[in-house]
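Below, each chain spelled out in residue letters.
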Amino acid sequence: MELYEYVGNLHNHTPYSDGILYHREMAQAAAQAGLDFLISTDHNIWVTGTEGYYDFKDGRNILVLTGEEIHDLDRKPAGSHLLVYDANTELRNLSKNPQNLIENVAETGGLSFLAHPFERAAPIVEDAVYSWRDWHVTGYTGLEIWNYMSEFKGLVTSRIAAMFYAFYPDIGISGPFKETIDKWDKLLSDGHRIVATGNADAHGQTYSMGPISRCIFPYEFLYNAVNTHLVSRQKFTGNKSIDKGIVYSALRNGNCFVGYETPHPTRGFRFSASNEHIDCIMGEEISISDKSIRLIANAPTQCNMQIVCNGQTIAESRNQTEMHFIVSEPGAYRVQATINHKSRERSWIFSNPIYVVP
Ligand SMILES: [Zn+2]
Ligand SMILES: [Zn+2]
């Protein structure tokens, strides 16, 4: 089975809303971090004319696409930010009704993800909590299970904590909030197909505290942290339109995993399932039919892996690079891996599920 992996970040802001880098500079930061693609998602503005391949001297080409982060500016309490991809039209005027917005995104053939679904307050930066508030909605593509800047905000509980984690963020960063993973597992066990992504939410803002002023965090730093890795059967061609289709098809289907690159790069992780007839990858389905199914996870370095179904860990391995498990029950099976970094076990990889069907 020939597979192609493309690493990208799907949540980024430019000066069209509240970020500091324009598309070309952002693409340059991505090139330096070794990414393959980026999606800009400015608040309530669908920016046109910036999509395409950006070429850099060292021969790295970065595909930049344009999505949007839509939310109701008048909402009290604030929150319910929706990441919209591939709608190819401005939909911010639908922000007051999230269900209607999600349906309209789907009608355009686009994708929608609930951004930073659970957040924690950071009183000292006077930032509100922008959790998802409208849990009655249905029909969205997925959840942004890990948002680096949102997790960082949750660490900033005092001035001392802010100073400390601004310089040593990876001592604090440990993984998605438990509420988010529990919600994802609940949706999966209820039979919904929910795609998980992990992103930077890069803005490049500068925070000042006394005499110290610091950009928390530069885009390039964030592109070496939490990313979404597409694992596709299709290979990029260098043609913007075709490759855009490959990116969005992989995202729509959940042919992807979330990786935290700081402890160790996650490129090369694979999760697949096979019976005697076919092999399938993350996001695909496989029939239990008459024979049992073998799940296989491979990691690029030794780590601790768990296979999770219906919110339960059904198998576990420690300090391995490979794990096998035979399943005989239908369900959504996903892998999560942890790794030791700075004296603590931290979240490292979250696969999307493979759907084992009757
Ligand atoms: Zn947001
Ligand atoms: Zn954002």
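Here goes a summary of the coordinates provided. (Residues numbered from 1 in each chain as written. Chains lettered and ligands numbered in written order. Predicted model: local features only at pLDDT ≥ 70, side-chain atom pairs only at ≥ 80, totals over all residues. Heavy atoms only, no water.)

The pairing of strand S16 (residues 293–309) with strand S17 (residues 312–327) spans 12 bridges and is classified as antiparallel. Opposite Cys309, over in S17, you have Gln312 as the bridge partner. In this structure, the hairpin formed by S16 and S17 is closed by a connection of 2 residues, where Asn310 is found at a positive phi of approximately 55 degrees. (Pairing = 2+ DSSP bridges. Helix = DSSP H or I, 4+ residues; strand = E, 2+ residues; numbered from the N terminus.)

With distances of 2.1 to 2.2 Å, the protein atoms coordinating the zinc ion (ligand 1) are Glu69 (OE), His81 (ND1) and His116 (NE2). Sequence positions of the donors to the zinc ion (ligand 1) reduce to the motif E-x11-H-x34-H. The metal-metal distance between the zinc ion (ligand 1) and the zinc ion (ligand 2) is 3.5 Å, with Glu69 serving as a donor to both. Taken as a pair, Glu69 in strand S4 (residues 61–70) and His81 in the loop between S4 and strand S5 (82–85) lie far apart in primary sequence, 12 residues in all. (Donors = N, O, S within 2.8 Å, 3.2 Å for Na, K, Ca; no water.)

Once that is clear, we can look at the coordination of the zinc ion (ligand 2). Around the zinc ion (ligand 2), the protein contributes the donor atoms His11 (NE2), His13 (NE2), Glu69 (OE) and Asp201 (OD), which lie 2.1 to 2.3 Å from the metal centre. Coordination at the zinc ion (ligand 2) is irregular, judged from the 4 donor atoms that bind it and the angles of 77 to 167 degrees they form at the metal. For the zinc ion (ligand 2), the donor residues sit on a single chain with the sequence spacing H-x1-H-x55-E-x131-D. (Tetrahedral: all angles 85-135°; square planar, octahedral: opposite > 155°, others 65-115°.)

Taken as a whole, this structure holds 3 cavities of 30 Å³ or more when the rule is applied. A volume near 70 Å³ is recorded for the largest cavity. If you go around the largest cavity, the residues you meet are His116, Pro117, Phe118, Glu144, Ile145, Trp146, Asn147, Ser150, Glu151, Pro176, Phe177 and Thr180. Broken down by secondary-structure element, the contributors of at least two residues to the lining of the largest cavity are strand S7 (142–147) and helix H3 (148–155). With 4 residues, the single largest contributor to the lining of the largest cavity is S7. (1 Å grid on protein atoms, 1.4 Å probe; cavity = no way out; pocket = protein on both sides within 12 Å on 5 of 7 lines; lining within 4 Å. Points joined across faces, edges and corners; volume = space filled by probe spheres on them.)

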